[in-house]
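What follows is each chain in one-letter form.
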Amino acid sequence: AQSVTQLGSHVSVSEGALVLLRCNYSSSVPPYLFWYVQYPNQGLQLLLKYTSAATLVKGINGFEAEFKKSETSFHLTKPSAHMSDAAEYFCAVSAVFPLIQGAQKLVFGQGTRLTINP
Amino acid sequence: DGGITQSPKYLFRKEGQNVTLSCEQNLNHDAMYWYRQDPGQGLRLIYYSQIVNDFQKGDIAEGYSVSREKKESFPLTVTSAQKNPTAFYLCASSKDRGHNSPLHFGNGTRLTVT
């Protein structure tokens, strides 16, 4: 079964500093991995996804993530934080529903709330 | 612009009442999903539907029911059997069933039951 662990429920960085949000996954098959962002009282928006092409994936708003199979990790980074990056971030792994060919299920981590200090 | 519309944004109900949350999409997506979000617990899958007139239970389906009579619509009913219904509910859709097809989310409905 697939699972996702996000290390740190809250991360706080200064404006202009590096953002690093950690995600480790468990999967019995090659995974598809996603990062989503959620602003207060809104739904989730896709930041980026890994689908076994390049291990370094670039997303929107200057974010990128690197897939490391040996470490089973998919950490999200941004070189310089902006106040508008304050939000909750979710890592997710795609699993295939048992018995249903081709059906998708996203398993989400518990989320990391990112705070940006001026 | 295409998207997913959830209504209402806020919903208040008395304990023991059933309540239906609306979800409509104009993205022409085949698959639709309902998630429940609680603080510190991420998102948990309630029900999903791959095609019209077909739906399957997710991880926490007890106390919920759905229908998929039209491709565009996937309403969720929270029944009185749901023991802890107060939560933020998110509807999502994806283009197909492939497991690299990203989810598109609505803006959610916050349900409060007292």
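Coordinates for the structure precede this section.
What counts as what
Residues numbered from 1 in each chain as written. Chains lettered and ligands numbered in written order. Predicted model: local features only at pLDDT ≥ 70, side-chain atom pairs only at ≥ 80, totals over all residues. Heavy atoms only, no water. Pairing = 2+ DSSP bridges. Helix = DSSP H or I, 4+ residues; strand = E, 2+ residues; numbered from the N terminus. Axes fitted to C-alpha atoms, helices over the stretch in contact; angles between N-to-C directions. Buried < 20%, exposed > 50% of the residue type's maximum accessible area, 1.4 Å probe, protein only. Contact = heavy atoms within 4.5 Å.

*Asks:* I would appreciate a short explanation of the sheet that holds strand β1 (residues 4-7) of chain B in the present structure.
*Replies:* Paired through backbone hydrogen bonds, the strands of a sheet run either parallel or antiparallel to each other. Residue and element names in this part refer to chain B. Ordered in space as β1-β3-β8-β7, the 4 strands form an open sheet in which the pairing is antiparallel. Two strands close off the open sheet at either side, each with one partner strand: β1 and β7 (64-66). Put simply, the sheet's adjacent strands are angled 20° from each other on average, direction ignored. Relative to strand β3 (residues 19-25), β1 runs antiparallel, the two sharing 4 bridges. Pairing of Thr5 across the sheet is with Glu24, part of β3.

*Asks:* I'm lost on the side chain of His75 of chain A in this one. Help?
*Replies:* Residues and elements named next belong to chain A. Within the secondary structure, His75 sits in strand β8 (residues 73-78). Taking relative accessible area as the criterion, His75 reaches 18% and is therefore assigned buried. Excluding residues that lie within four positions of it along the chain, His75 makes contacts with Leu20, Leu21, Arg22, Cys23, Asn24, Trp35, Glu64, Ala65 and Glu66.

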